[in-house]
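As a plain string of letters, each chain reads:
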Amino acid sequence: MDDKFSLADVKHIKRITVGDVDPNKPMSDEKKDEQVKKLNEYLNGYPKGKLIGKDVSFAIFQIGEHQLTTQATTYHIGFPREVN
C-alpha cells in the first residue's frame, strides 16, 4: 500500500474549529470535547483525512484588573473525496 500523501489528491476540505474567542459566549467543556471528537473522527475514520493546515486565533480582554485570554484553532483536513 502506498501511504504517500500529495495535495493534488485533496478533493474536499473540512474545517474544524476547536475553542472560541468570544468572551460573551463562554464555551463549555462538553462542547470543546465534541469538537475534538469530530476532529479525531476526520483524522482516524474513513475516509481518512490528512491535516493540511491550521489557523490559530486568540483575543486578550481586560476585565477590570483581570486579563482574559481566549483561543480558537481551526484545523483544515483534506480528503480524497467529499465526506459528510
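Use the structure listed above.
Please read all numbers here as calculations on a predicted model, not as lab measurements.

A. Seen up close, the sheet that holds strand E3 (residues 66-79). The antiparallel open sheet is built from 3 strands, whose spatial order is E1-E3-E2. If you trace the sheet from one side to the other, it starts and ends with strand E1 (12-19) and strand E2 (50-63), each paired once. In this sheet, adjacent strand axes meet at a mean angle of 15° when their direction is disregarded. Each of E1, E2 and E3 touches helix H1 (residues 29-44); the most contacted strand, E1, lies at about 150° to it.

B. Spatial organisation of the packing of aromatic side chains. Counted according to the given criterion, the structure contains 1 aromatic pair. Ring centres of Tyr42 and Phe79 lie 5.5 Å apart, and the angle between their planes is 80°; this geometry places the pair in the edge-to-face category. Of the two residues, Tyr42 sits in helix H1 while Phe79 sits in strand E3, which places them 37 residues apart along the sequence. The exposure class of Tyr42 is buried, given its relative accessible area of 9%. The exposure class assigned to Phe79 is buried, which follows from its relative accessible area of 1%.

Calculation criteria
Residues numbered from 1 in each chain as written. Predicted model: local features only at pLDDT ≥ 70, side-chain atom pairs only at ≥ 80, totals over all residues. Heavy atoms only, no water. Pairing = 2+ DSSP bridges. Helix = DSSP H or I, 4+ residues; strand = E, 2+ residues; numbered from the N terminus. Axes fitted to C-alpha atoms, helices over the stretch in contact; angles between N-to-C directions. Contact = heavy atoms within 4.5 Å. Phe/Tyr/Trp six-rings, centres within 6.5 Å; stacked < 30°, edge-to-face > 60°. Buried < 20%, exposed > 50% of the residue type's maximum accessible area, 1.4 Å probe, protein only.

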